[in-house]
Each structure stands twice: as structure tokens, then as C-alpha cells.
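Coordinates in review
Below are the chains, spelled out letter by letter.
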Amino acid sequence: REVQLFNTGVVQLLEALMPVLSSEFPKLKWRCWGDPAAINKGSEVDAQTPHQVMAVRGFHVEPGVQDWFTRKEVIKQRLSKSIDGQPAVLISRSGCPFATEGILGGYRYPMSLDGRIGGMPLKNELSHLLDAAQYIATKEFGLLHGLKGDEQTPRPRQERWNPLSKPPTPNLSRIDY
């Protein structure tokens, strides 16, 4: 379940989050992970950090792993893992519409004129939510195995599989036995 707000502060986020937690998850305990940058001093008006503001309201936030390549690999490993032939992680389209949109292509990478895809994602309206998921995943799950290869090397353009697309129509004019 996601709670996504735009152009608001941490207090407004908590005001939106509390009713969701109390009505949809009343008996559950929760753990909080966040952007390590939120440990830094707040604005010039208020010296409290976002983590301090959250702690006063009962949300003790631990910083996630800052290294982007590690965060990306943790998510990639978890989304490709299966248990007894079933996906290890499920994401609800109705409960997590922005996360679903991001995972299905909204979390984008820059592309050069020659078609190579850059190594770091673009910042957009979906990247903050998926970055937050990465902070959670690095602390909740961790790496299943090490990082693969040189993650900073731009990758050649690849066609991405879209799980919402229809399967290809079989070529019935050719049947192999």
C-alpha cells in the first residue's frame, strides 16, 4: 500500500499516513526506513531533520543504503526471485498505482542519441517513491548475491518485456513436431 503526496512536507505526509495505518493496518507494528539525506539538518526556519520530526510522532526512521547501485540490485534481485514457482514479491495495482506505473516503465533512464541507456535514472514524479522502496528493500531484504559487473557502464538499448502486453500470436502456418 502506498501513500503518495506531491509538494508537501514530512508533517503533511504523516497526517496522510496515520489514518491509513490505523484503519487498514490497526494491529500491525511497522518499521521505517528512509533516505539517508533526511538525517541532515532541516530548513533554515526549523532546525529539526525530517527523521527527528517523524520520531516525535512515533516513526523512528533508520536510514537506508545510500549507494544507488546496491539499491537497484536489491530491487532487481527481489523482483526476479520466485518461491515454489511463485513471485517472491507482489505489488498491488490498486494499492500501489504509482509504484506499478514506475515498475512498468515510468522509472526511466536517459538515452543517448546513439541509443545507449544511461546508468542512472532520471528524477521524475515516480522516482522518489521507487527510491523509497529501494531504501526499504536494502534494509528489509539486503542483497541475495553480489553486484553484477560494472554497473556504471551504459547498457545497450534493449526491448523491455511489458507484462501488460498480450502474448504474441503464434504462427500457425509453421508447426514443428
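Residues numbered from 1 in each chain as written. Predicted model: local features only at pLDDT ≥ 70, side-chain atom pairs only at ≥ 80, totals over all residues. Heavy atoms only, no water.

Let's shift gears to a nonpolar patch on the surface. Residues Leu79, Ile91, Ile103 and Leu104 make up a contiguous nonpolar surface patch of about 300 Å² in total accessible area. As for its position among the elements, leucine 79 is in helix 3 (residues 68–80). By relative accessible area, leucine 79 is classed as partly exposed at 42%. (Patch = residues over 30% accessible without salt bridge, like charges linked within 9 Å, V, L, I, M, F, W, Y side chains within 5 Å. Areas by Shrake-Rupley, 256 points an atom, 1.4 Å probe, with all protein chains shown as cover. Salt bridge = Lys/Arg side-chain N within 4 Å of Asp/Glu carboxyl O. Helix = DSSP H or I, 4+ residues; strand = E, 2+ residues; numbered from the N terminus. Buried < 20%, exposed > 50% of the residue type's maximum accessible area, 1.4 Å probe, protein only.)

Here we come to the pattern of salt bridges. One pass over the full model with this rule turns up six salt bridges. In this structure, the salt-bridge partner of arginine 71 is aspartate 131, at a minimum N-O distance of 3.6 Å. One end of the pair, arginine 71, is in helix 3; the other, aspartate 131, is in helix 5 (residues 127–140), and 60 residues separate them in sequence. The two residues arginine 71 and aspartate 131 agree in class, both being buried. Here lysine 123 ties to aspartate 131 by a salt bridge, and the two come within 2.5 Å at their closest N and O atoms. A relative accessible area of 56% means that lysine 123 is categorised as exposed. Salt bridges linked by common partners bring Arg71, Lys123 and Asp131 together as one network.

With that out of the way, let us pick up the nonpolar core. Listed in full, the nine residues of the largest apolar core are Trp68, Phe69, Cys96, Ala99, Tyr107, Tyr109, Ile117, Leu129 and Leu130. Elements represented by at least two residues in this core include exactly helix 3 and helix 5. Aside from chain neighbours lying at most four places away, what touches leucine 130 is Ala99, Gly102, Ile103 and Tyr107. Within the second largest apolar cluster, seven residues are counted, among which are Leu14, Leu17, Cys32 and Met54. (Core = buried A, V, L, I, M, F, W, Y, C linked by side-chain atoms within 4.5 Å. Contact = heavy atoms within 4.5 Å.)

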